[in-house]
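# Structure at a glance
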Amino acid sequence: MPLNEEHILKFLDNESDTKAKSELISLLKTRIDKLCFDECERDRITCTLQPKCSRRFLLKLRIKGGLTIDDLPKFCYSVHKGVVERFFRNKTVIYRPFDAYLYIIDFFDIFFHGDYRKLNKFVSFKKWDEIFKIFDDRIQNRNENFDYLLIDNYLIIKFDDRLHIAFLEEKYAICNSNRENIASLELLYGICKLHAALYFSEVKLTYMTSKHVEITLKIPYDVLTKISEEPSIANNSKADQYFWNTFWEDLNALTQYCDQINLNIDKNQNLEIILYISLLTNNFNEVGEKLPLRFRDLRLIFNFITRIYTDYYILWV
């Protein structure tokens, strides 16, 4: 049987000889550098149209590893930045740059060109009020359509349905977040807080440090009393159709991504739906380990909350 990736991963996990592991990693590093700087970077047509690593993930490896622009294949990075910018401006791109990592100054250059040097300086000196002034001016006076939230080490920015996260201490950003894992509970809470402010402001949001984010939404008693007590072939209302045909399917789908879901009747006879969300899902990999929560997993949760909130809460309270 030929050598495959499982053999290498198992060796790195179990080998006690640090020298042997170091040599193996050195061989891997040499191969990566040759691929980037010799085979791909020097052929600009290939680098532009068919990079040797899919979606330029080796740039992510270097950026997240704390390397500087001088340690990157510069032409590759410039093409990568250009793809992110074209996608942001709704121009044709070779591939959609989901989960694209950029240095924070280049992130600001694309999304806030004209103010990017100021923003980069203000981030360095943690002058958040100055940053907010720039953002608010763009929103109020330049009619730019985005929302933002600062929380801990993260600046969360939402353009339409695309979410971008600036990691302030690390000086990089992830653009068009999608399949990447959510890095921390603080970030998870920040994303939930921003979406709540935009789409379901009266839903209760609680941050349980080191455990989970708790989201509580209600269906008023007045709505519950108007739902038929028995399922019927011809449901007469939108609420009947939803709660008899779809509601339980939605909850079952959410169990993949929520630690726990509780249904309670409060003192006013309203139905409380409590979602407990952590950094791990209830989906498992091949070896039985829980898979981490990804940015795109939150869409199902937010869609459910928004539906309950807009259709069966705010119209009744």
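Everything here concerns the structure above.
We now turn to the structure provided with this report. Here the residue numbering is sequential within each chain, running from 1 through the sequence in written order. Local features in a predicted model are, by the rule used here, given only for residues with pLDDT of at least 70; side-chain atom pairs are given and counted only at 80 or more, and totals for whole chains, interfaces and linings are based on all residues. With hydrogens and water stripped out, all remaining heavy atoms of the structure feed into the side-chain values.

Our focus in this paragraph is the side chain of Asn176. Helix and strand definitions follow DSSP, with helices as H or I runs of at least four residues and strands as E runs of at least two, each counted in order from the N terminus. Secondary-structure assignment places Asn176 in the loop between strand E5 (172–175) and helix H9 (185–199). At a separation of 3.1 Å, a polar atom in the side chain of Asn176 contacts the main-chain carbonyl oxygen of Pro97. Note on definitions: a residue-residue contact is assigned when non-hydrogen atoms from the two residues lie within 4.5 Å. Apart from residues lying up to four places away in sequence, Asn176 is in contact with Phe87, Pro97, Phe98, Asp99, Arg162, Leu163 and His164. Counting of polar contacts relies on pairs of N or O atoms within 3.5 Å, with two restrictions inside protein: one atom must be capable of donating a hydrogen and the other of accepting it, and residues adjacent in sequence are counted only when both atoms are side-chain atoms.

With that out of the way, let us pick up the sheet that holds strand E8 (residues 260–265). Sheet strands pair by backbone hydrogen bonding; their relative direction is either parallel or antiparallel. What the 4 strands build is an open sheet, ordered E6-E7-E9-E8; its pairing is antiparallel. Only two strands of the sheet have a single partner each, and these edge strands are strand E6 (204–208) and E8. The mean inter-strand angle of the sheet, taken between neighbouring strand axes irrespective of direction, is 20°. Note on pairing: two strands pair once DSSP finds at least 2 bridges between them. Pairing geometry for E8 and strand E9 (residues 271–277), over 6 bridges, is antiparallel. Bridge pairing in E9 links Asn262 to Ile274. Helix axes are fitted only over the stretch in contact, all axes being lines through C-alpha atoms; the angle between N-to-C directions runs from 0 to 180 degrees. Of the strands in this sheet, strand E7 (212–219) and E9 are in contact with helix H13 (residues 297–312), which crosses E7 at around 25°.

Before going further, it helps to spend a moment on the pattern of salt bridges. Any carboxyl oxygen of Asp or Glu within 4 Å of a side-chain nitrogen of Lys or Arg constitutes a salt bridge here. Scanning the model with the defined rule gives 19 salt bridges in all. Across the pair Arg42 and Asp38 runs a salt bridge whose closest N-O atoms are separated by 3.5 Å. On the accessibility criterion, Asp38 (35% relative accessible area) is partly exposed. Of the charged contacts, one joins Lys238 and Asp311 as a salt bridge, the two residues approaching to 3.3 Å between their closest N and O atoms. Taken as a pair, Lys238 in helix H11 (residues 238–245) and Asp311 in helix H13 lie far apart in primary sequence, 73 residues in all. Members of the salt-bridge network, linked through shared partners, are Asp115, Asp137, Arg138, Arg142 and Glu144. Only protein chains enter the accessibility calculation, which uses a 1.4 Å probe; a residue is then buried when its area is under 20% of its type maximum, exposed when over 50%, and partly exposed in between.

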